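Analysis of the macromolecular model
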Amino acid sequence: MIKRLTFIITLFLSLTALAQETDTIYNPKIDYNSPRKYELGGVTVSGTRHVENNVLIQMSGLRAGAQIEVPGEKVTKAVKKLYKQGLFSDVKITASKLIDKKIYLNIFLQERPRLSEVNYNGTSKSETSKLEERLNLRKGNTVTDNVITTIKTIVGNYFKEKGFYNVDVNVLQRDDPNQENSVILDINMDRNNKIKIKNIFIEGNGALSDNKVKKAIKSSKEKRFKNFLKSSKYIEEKWNEDKLGLITKYNEKGYRDALIVSDSVEQVSEDRVNLYLKLKEGNQYFFNDITWVGNTVYTSFDLKRVLKIQKGDVYNQTYLQERLRDDDDAVSNLYLDKGYLFFNVNPIEKVIGQDSINIEMRMVEGKQATIDRVNIVGNTKTHEHVARRELYTYPGELFSKSDIIRSVRELAQLGHFDPETINPDIDPHPESGTVDITYELTEKANDQIELSGGWGAGMIIGTVGLRFSNFSIRNIFNKEAWSPLPTGDGQTLSIRAQTNGSYYNSYSLSFTEPWLGGKKPTSLSTSIYYSQQSGFSRSAYGRYAGFSNVDTDQSQKIFGASVGLARRLKWPDDYFSLYNEVSYQNFRLKNWAYYLISDGTSNNFSFTTTLSRSSIDNPLYTRRGSSFSLSLKFTPPYSLFEDLDYSRASDDEKYKWIEYHKWVFKGKMYSGLLPKNDKLVLYTGAEFGYLGYYDKDKRSPFEGFEVGGDGMSGYSMYGSDNIGVRGYENGSLTPIQPNGRRLGGNIYSKLTTEVRYPLSLSQSATIYALAFAEAGNAWYDFEDYQPFNLKRSAGVGLRIFLPMFGLLGIDWAYGFDEANQAGQNGSQFHFVIGQQF
């Protein structure tokens, strides 16, 4: 009994002690007024959902096993470190367990709310999109006071850039009922009135009048009627740019010491400000002596001649830099074209007297750089040899800036790469005297498909065409190269078919190899085509209503083929090329009243030679350069060998083999209208054509010029050249007989002037608008030729180049002069497919 009682008492005392010990471990009583040292047994984290506990413990700086004083500096620092992260709204560190001298701490963290949704109030769709891009607010981001402040700043700056300086931005934060610890941000914006410039007051100017100073201020304009096409918004960033531009303008006038003493902005009403500008112009300076130091390659006389600055010229630092470095014929280009890539010139100024400046050109010519590597990257579709053979830069040759510019032009002319993104990367190595050149290319789709219905000659014409501009005929039997067609060798294959059903059918096939043999730029062009056309029997139901009936007693059938070779020339310069062609056409006419003859079979065996020069920089949107061509197409002079009186001969005898000589000149020039912006382009063009004969009684019934309209017949009209003159109906300027029957144009002249501006130059679409003035006419014989009697027109238009469909466009033009028949001039719309005027 005593043993049992002793056991029970012992057990009770043990359980009591254990209970006391457990209470001591999990509910430690710590006197925070009396710091004590402990060994940190461990750290736990509670209250978090989005951050790993181990990361948070590491952030706190608390390490298990370390000696720690509670309360003490390490605990305080841990709280501050966690607060500093900006992720938490509340941080608490408490003792969770105490065993002897080991203390266990718990870090309680209250996470800041997370972003679940953003609403923009007071903005348009486009403005919302731009603000989203700038703010970059992502779902799940922590919302802090700093985030709210940043939103207000970015939104305010965005509207200030648009002239709204009184914008009110209010960011409201509300709990998301669907997500725990998440908030919705409502960004409310009231832009109020734009701030505009009422007056600009100028003080201290003498050399430039107030009007000239205000004109030099490009972006900040007074609210005046004369400035109705210009912005009068006050934008601080633009105003600062304008002040720098004004000083530059003074410097260009020789006032190198000009400065802005002070400027201020005064708000005179809720939406108006006055700007005050105080200037100090200083003296006007002039160039005095210009000396050259360190030049050995070129003499001082030669350098001064290229510099084009004379003693006594107004001092203009901008012009000096342009003549030294920026212009196409600048001094630096003399050296860069001779391999002196490491060339440098430093103009040192020295003021002489009150208004003169001596310039000492200190030159470091360096040694000539040799090209080491020439790399081509980005040609994912086009084979490298197609791009490389167009380059004018070769390993082992001296570096030349002109050769790089020419290489870029030739790569653009291929049409396989986006001309706006061709970028030659120059990587010089001064220590070895070499340079690596990398041409960075971006492939663009230039194969074209044509599937359309058009209107021509009072009927609907269906067209199906395929043009593969980067074809590879050598891989045509390589199954692996078909993706979907063998491509990459730069060859052109074109297949086209047109039909109106039974009335009209036309088929053509052409192929071009730009580098015949692969070693020289000699191109081979071949084509074959066939067309047949029947006549109409008109009914009494309108002008075109009866055209649905085919008259099989009227027909025209044409078969033709040609082979041509073109090669680049090196003289007079390497922009010239020579093209030679042999062609054959067979005409079979039956009651066809559209030529000088209406029945019979005619053959046209001709030779063509064309001398051309083209230096245009971009075939899609040309900014600079020119293109000229002179072609002669001729047949053998059969009349010299035949003993026949053609004035009495029948049409079958006279035109079995037609003869003629045909001369055509075309010239185009492109130049930028603005000195520092090459987007606005002026295009001028001139054309002249003459169809001659060997015997006046054996004039050619074919190969004349159809002048007027859009230059397209709506269908393939072999046997004549279509010349567009907008503002007139198709062919309406071609000479006719008194009875209205077609006589034909044997001579034509045409002049064109266009101003072009691009709306898009992206790889997916090249779009530009244009305004034009045009004049042209045609004559039957030199006796009728009047070079100044041209039919005038003017209008506007739009061009769109889509890689898949080629060039498309629409023009509206007004023809000012009467055509050959009444009602064929005036307001006209013209559609453009695959051609340029």
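Notes on the structure follow. (Residues numbered from 1 in each chain as written. Predicted model: local features only at pLDDT ≥ 70, side-chain atom pairs only at ≥ 80, totals over all residues. Heavy atoms only, no water.)

**Brief notes about the overall build of the protein**
Summing up its helical and strand segments, the protein has 14 helices and 34 strands in all. Taking the principal axes of its C-alpha atoms as reference, the protein extends roughly 160 × 95 × 65 Å. Intrachain contacts of the protein at a sequence separation of at least 6 include 61% that bridge at least 24 residues. Just so you have it, the protein exposes about 44,600 Å², and 53% of that area is on carbon and sulfur atoms. Positive and negative side-chain charges in the protein, numbering 104 and 99 respectively, have mean positions lying 4 Å apart. (Helix = DSSP H or I, 4+ residues; strand = E, 2+ residues; numbered from the N terminus. Contact = heavy atoms within 4.5 Å. Areas by Shrake-Rupley, 256 points an atom, 1.4 Å probe, with all protein chains shown as cover. Lys, Arg positive; Asp, Glu negative; His and termini not counted. Charge placed at Lys NZ, Arg CZ, Asp CG, Glu CD.)

**Some remarks on the nonpolar core**
Leu589, Phe702, Phe705, Val707, Leu733 and Tyr748 are the most contacted members of the largest nonpolar core, which totals 24 residues. Among the secondary structure elements, those contributing two or more residues to this core are β23 (576–590) and β28 (704–707). By size, the runner-up hydrophobic cluster in this structure holds 23 residues, among which are Val51, Ile68, Ile103 and Leu105. (Core = buried A, V, L, I, M, F, W, Y, C linked by side-chain atoms within 4.5 Å. Buried < 20%, exposed > 50% of the residue type's maximum accessible area, 1.4 Å probe, protein only.)

**What to know about a negative patch on the surface**
Taken together, the side chains of Asp599, Asp651, Asp652 and Glu653 define an acidic patch exposed on the protein surface. In this structure, Asp599 sits in the loop between β23 and β24 (600–614). According to the relative accessible area criterion, Asp599 is partly exposed, its value standing at 34%. (Patch = residues over 30% accessible without salt bridge, like charges linked within 9 Å, V, L, I, M, F, W, Y side chains within 5 Å. Salt bridge = Lys/Arg side-chain N within 4 Å of Asp/Glu carboxyl O.)

**Focus on the sheet that holds strand β5 (residues 114–121)**
The sheet built from three strands is open, its strands ordered β5-β7-β6 with mixed pairing. In this open sheet, the two edge strands, each paired with only one partner strand, are β5 and β6 (168–175). Going from strand to strand, the sheet's axes swing by 20° on average, the running direction of each strand aside. Alignment of β6 against strand β7 (residues 182–190), held across eight bridges, turns out to be antiparallel. Along β7, the bridge assignment pairs Arg174 with Ile184. Strands β5 and β7 of the sheet are contacted by helix α4 (residues 125–135), whose axis makes an angle of about 145° with β5. (Pairing = 2+ DSSP bridges. Axes fitted to C-alpha atoms, helices over the stretch in contact; angles between N-to-C directions.)

**Observations concerning the side chain of Thr635**
As for its position among the elements, Thr635 is in the loop between β25 (625–634) and α13 (638–641). Looking at Thr635, its side chain comes within polar contact range of the main-chain nitrogen of Tyr660, at 3.0 Å. Excluding residues that lie within four positions of it along the chain, Thr635 makes contacts with Asn604, Phe605, Ser606, Ile658, Glu659, Tyr660 and Tyr694. (Polar contact = N/O pair within 3.5 Å; in protein donor to acceptor, adjacent residues only side chain to side chain.)

**Let's talk about helix α7 (residues 236–252)**
Between its first and last C-alpha, α7 extends 25 Å over 17 residues, near the 24 Å set by a 1.5 Å rise per residue. Burial in α7 covers these residues: Trp239, Asp242, Lys243, Leu246, Ile247, Tyr250 and Asn251. Considering only its buried residues, α7 is in contact with α6 (210–216), β9 (259–269), β10 (272–280) and α9 (317–326). Where α7 terminates, the next one or two residues include Gly254, which has phi positive at roughly 100°. (Expected span 1.5 Å × (residues − 1).)

**Some thoughts on the pairing of strand β13 (residues 356–364)**
Where strand β11 (residues 286–293) lies against β13, six bridges are found, and the strand directions are parallel. Residue Trp292 lies in a different strand from β13, and its bridge partner there is Met361. Both strand β12 (residues 344–352) and β13 contribute to a ladder of nine bridges, which runs antiparallel. What sits directly across from Pro347, in β13, is Met361. Between β12 and β13, which pair antiparallel one after the other, the connecting turn spans three residues, and Gly353 there sits at a positive phi close to 65°.

**Looking at helix α8 (residues 300–307)**
Within α8, the full set of buried residues consists of Leu303, Val306 and Leu307. Looking straight down α8, one finds that the buried residues subtend no more than 105° of arc, so they occupy a single side. For α8, the exposed residues set more than 90 degrees away from the buried face come down to Phe301 and Arg305. Those residues of α8 that are buried are in contact with β11, α9, α10 (331–336) and β13. Taken from the residues just after α8, Lys308 is the one with a positive phi, measuring 60°. (Arc of directions from axis to C-beta.)

**Regarding the sheet that holds strand β14 (residues 370–377)**
On the basis of which strands lie adjacent, the open sheet formed by three strands has the order β14-β16-β15 and mixed pairing. Of all the strands in the sheet, the pair left with one neighbour each is β14 and β15 (423–429). Taking each pair of neighbouring strands and ignoring which way they run, the sheet shows an average axis angle of 15°. Sheet topology places β15 next to strand β16 (residues 434–440); seven bridges connect them, and they run antiparallel. Across the sheet, the residue bridging to His429 is Thr434, located in β16. Across the sheet, helix α12 (residues 401–414) is in contact with β15 and β16; its angle to β16 comes to roughly 20°.

**Quick word on a nonpolar patch on the surface**
On the surface, Ile449, Leu466, Ile495, Leu509, Ile528, Phe559 and Phe805 cluster together into a nonpolar patch covering about 570 Å² of accessible area. With respect to the helices and strands, Phe805 occurs in the loop between β32 (791–802) and β33 (806–815). Residue classification places Phe805 among the partly exposed residues on the basis of a relative accessible area of 46%.

**A look at the side chain of Asp186**
By the element assignment, Asp186 lies in strand β7. A residue is classified by how much of its surface remains accessible, and Asp186, at 10% relative accessible area, is buried. Within the local environment of Asp186, its side chain forms a polar contact with the side chain of Asn119, the two groups lying 2.8 Å apart.

**Examining unusual backbone geometry**
The omega torsion across Val70 and Pro71 is -15°, close enough to zero to call that bond cis. Positionally, Pro71 belongs in the loop between β2 (67–70) and α3 (73–84). The amide bond that connects Ser483 to the next residue, Pro484, takes the cis arrangement and shows omega of -10°. By secondary structure assignment, the location of Pro484 is in the loop between β18 (459–471) and β19 (491–499). At Asn181, a position not held by glycine, the phi torsion is positive, near 55°. As for its placement among the helices and strands, Asn181 is situated in the loop between β6 and β7.

**Here we look at the pattern of salt bridges**
Inspection of the entire model under this criterion finds 38 salt bridges. A salt bridge links Arg623 to Asp678; its shortest N-O distance comes to 3.6 Å. Here Arg623, found in the loop between β24 and β25, pairs with Asp678, found in strand β27 (residues 677–692); they are 55 residues apart in sequence, far enough to count as distant. With relative accessibility at 31%, the residue Asp678 sits in the partly exposed group. Between Asp721 and Lys662 there is a salt bridge; the shortest N-O distance is 2.7 Å. Here Asp721 is found in strand β29 (residues 720–723), whereas its partner Lys662 is found in strand β26 (residues 661–674), with 59 residues between them in sequence. Bridged by salt links that share partners, the residues Arg726, Lys750, Glu754, Arg756, Glu774, Arg799 and Asp811 form one connected network.

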